[in-house]
Amino acid sequence: MKLIHGGDVAGYEAEYGAKPLDFSANINPLGLPQGVRQAVIGALDSADAYPDPLCRKLRQAIARQEGLPMEQILCGNGAADLIFRLVLALRPKKALVTAPTFAEYEQALALVGCQVQRHMLLEKDDFQLMDRFLQQLHPGLDMVFLCNPNNPTGQVIRPALLDEIGERCGKMGIRLVVDECFQSFLDQPDRHTMKGKLEKDPMLFLLRAFTKFYAMAGIRLGYGLCADTQLLEQMAQCGQPWGVSSLAQAAGIAALQEKEYAQKTRVLIAKERGWLRQALAEQKQRVVGGKANYLFFQTDTPELGQKMRRCGVMIRCCGNYPGLDDSWYRVAVRSHPENLRLIEALKQARSM
């Protein structure tokens with residue numbers, strides 16, 4: 001099976017017999033919070049019982065965090081699970097996605113035979129979403145997917161443009177899905193969320209995840225926000241009833257209490273993102289975007305990803321994203337010692 005994402009540590013270990021330094025997955029370098037670790041251990045005592053299929057305590061905790069009714073929250077086995085449930089519930093005939101962007105949108109849409117239109121993000125615009133996107137919106141569309149900040153570019157959508165897109169989609173009856181899974185890593189996350197639009201726009205659906213920010217990729221937990229509670233009920237039926245394990249539910253509740261961890265994360269990422277951007281530029285790598293916890297760059301070093309693997313470091317080649325080729329890469333922003341190792345491996349790889 002061909003894998004389309006980064007983070008294949010198991011594959012690296014099978015090939016090299018050692019664990020790599022993984023910059024190919026955008027996980028919080030602080031690691032799993034201690035409170036979350038203890039919550040998972042504590043939940044083992046109840047692992048012999050089925051988890052709450054409605055995730056009631058978790059949704060209550062998220063509702064307090066987000067300032068929304070718990071009826072407007074649906075939890076899933078990561079945000080990817082919710083993407084597939086959403087598409088299966090609505091079965092859109094025509095949808096619009098940007099490119100390059102996260103692969104699961106098109107994967108889910110293809111599952112229901114949806115006709116997908118791609119709006120190409122242009123290199124001359126540094127892969128930013130521009131006003132010309134508005135021309136692609138028309139009443140014949142059933143669904144639009146946007147990723148903000150975008151993966152892999154790390155570019156954010158200008159708030160005024162995002163508001164205009166939301167208004168037009170609402171008037172045209174288009175379901176607007178905005179993936180905000182990396183929003184917590186932004187310097188001003190509240191400026192870039194559409195959460196304040198939910199109550200007045202039942203056609204808006206937001207995706208969030210614990211996976212990256214709380215370093216819970218192996219636990220798998222995400223949630224959707226939407227004022228259309230009937231849609232959330234439909235989505236709940238489009239998959240197994242126990243989509244979120246009791247361990248994941250306990251982890252999510254504990255993660256929301258990690259205020260100090262969240263603050264430390266934002267400080268670390270902001271500092272190291274600037275340092276790593278400069279270090280990559282000094283190595284003649286062309287850095288673009290990069291507003292979240294990863295940097296997107298172009299290299300003139302052939303087969304850079306493979307050479308980095310031989311140096312013990314995994315980075316994400318973006319050649320399998322529509323609109324990109326193998327000269328584009330994405331690297332996570334990690335701790336300073338790890339970022340130093342990345343740059344040393346890059347120097348070594350460029351000399352091979």
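This text follows the structure it describes.
Residues numbered from 1 in each chain as written. Predicted model: local features only at pLDDT ≥ 70, side-chain atom pairs only at ≥ 80, totals over all residues. Heavy atoms only, no water.

A. The arrangement of the sheet that holds strand 6 (residues 175-179) in detail. What the seven strands build is an open sheet, ordered 2-8-7-6-5-3-4; its pairing is mixed. Of all strands in the sheet, those with a lone pairing partner are strand 2 (73-76) and strand 4 (115-120), marking the two edges. Pairwise comparison of adjacent strand axes, ignoring direction, gives a mean angle of 20° for this sheet. Relative to strand 4, strand 3 (residues 94-99) is paired through six bridges, and the arrangement is parallel. Considered in strand 4, the bridge of Lys94 is made with Gln115. Of the strands in this sheet, strand 2, strand 7 (204-209) and strand 8 (222-225) are in contact with helix 3 (residues 56-66), which crosses strand 2 at around 125°. Running at roughly 155° to strand 7, helix 4 (residues 79-90) makes contact with strand 2, strand 5 (143-147), strand 6, strand 7 and strand 8 of the sheet. (Pairing = 2+ DSSP bridges. Helix = DSSP H or I, 4+ residues; strand = E, 2+ residues; numbered from the N terminus. Axes fitted to C-alpha atoms, helices over the stretch in contact; angles between N-to-C directions. Contact = heavy atoms within 4.5 Å.)

B. Seen up close, unusual backbone geometry. Following Ala99, the chain continues to Pro100 via a peptide bond in cis, the omega torsion being 5°. Its location among the elements puts Pro100 in the loop between strand 3 and helix 5 (104-111). Residue Asn151 is joined to Pro152 through a cis peptide bond whose omega torsion reads 25°. You will see that Ala215, though not glycine, has its phi angle at about 55°, which is positive. As for its position among the elements, Ala215 is in the loop between strand 7 and strand 8. Exposure remark for Ala215: the relative accessible area of 16% places this residue in the buried category. Phi angles above zero are rare outside glycine, and Arg220 is one such case at about 70°. Along the chain, Arg220 turns up in the loop between strand 7 and strand 8. For Arg220, a relative accessible area of 28% puts it in the partly exposed group. (Buried < 20%, exposed > 50% of the residue type's maximum accessible area, 1.4 Å probe, protein only.)

Coordinates in, geometry out; function isn't part of it.
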